[in-house]
Structure formats: C-alpha cells, structure tokens
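Next come the chains, spelled out residue by residue.
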Amino acid sequence: MRISKAALLVVIAFTVPILVELRTVLAWINVELTVLESVILGVAMILAILAWALWPENGDSGPSGIG
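Computed from a prediction, not measured in an experiment: that's the story for all the values here.

What counts and what doesn't
- Residues numbered from 1 in each chain as written.
- Predicted model: local features only at pLDDT ≥ 70, side-chain atom pairs only at ≥ 80, totals over all residues.
- Heavy atoms only, no water.
- Helix = DSSP H or I, 4+ residues; strand = E, 2+ residues; numbered from the N terminus.
- Buried < 20%, exposed > 50% of the residue type's maximum accessible area, 1.4 Å probe, protein only.
- Areas by Shrake-Rupley, 256 points an atom, 1.4 Å probe, with all protein chains shown as cover.
- Polar contact = N/O pair within 3.5 Å; in protein donor to acceptor, adjacent residues only side chain to side chain.
- Contact = heavy atoms within 4.5 Å.

Asker: Would you mind showing me how to read the overall build of the protein chain here?
Answerer: A tally of regular secondary structure across the protein chain gives 2 helices and 0 strands. Taken across its 67 residues, the protein chain has 13% of its residues classed as buried. As displayed, the protein chain offers around 5300 Å² of accessible surface, 72% of which is attributable to carbon and sulfur atoms.

Structure (structure tokens):
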C-alpha cells in the first residue's frame, strides 16, 4: 500500500469539497453538471485514488524484499 489508511481516508474526504467546488467553477463557465454526473465523477475519482493507493509501489504483485 502506497499510503497509510488514515491518510487515504483524509484524501478521500477531501474529494467531496473538491467535487462541490468543481461544480461551482464549471457553472461559472456555463458547464452544468447534474447531481448524478457529479456522483459518477466522484465515484470515478475515489476508485482512481483507491487503485493508485492499493497498487504495489514497485509494480510487483508479490511481497517486497523476497526473491
């Protein structure tokens, strides 16, 4: 795991205000996101963060230091 579980929780918690503010910023430039689109974008962001966090650091699937 690339990041501690507590830090991962904090990063995921920060995605909520980022998504809310992203809708606001996009509305300023006349790009409207529905709530459903925002939820889908949020789920995609969280899945990307989880994939990055759970991916092994060195690219191997086995435990590091063996072999």
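Asker: Looking at this structure, I do not really get the side chain of Ser38. What am I missing?
Answerer: Among the secondary structure elements, Ser38 is positioned in helix H2 (residues 35–54). Given a relative accessible area of 10%, Ser38 falls into the buried group. In this structure the side chain of Ser38 is engaged in a polar contact, spanning 3.3 Å, whose partner is the side chain of Arg23. Discounting residues that sit within four places of it in the chain, Ser38 has contacts with Leu19, Arg23 and Leu33.

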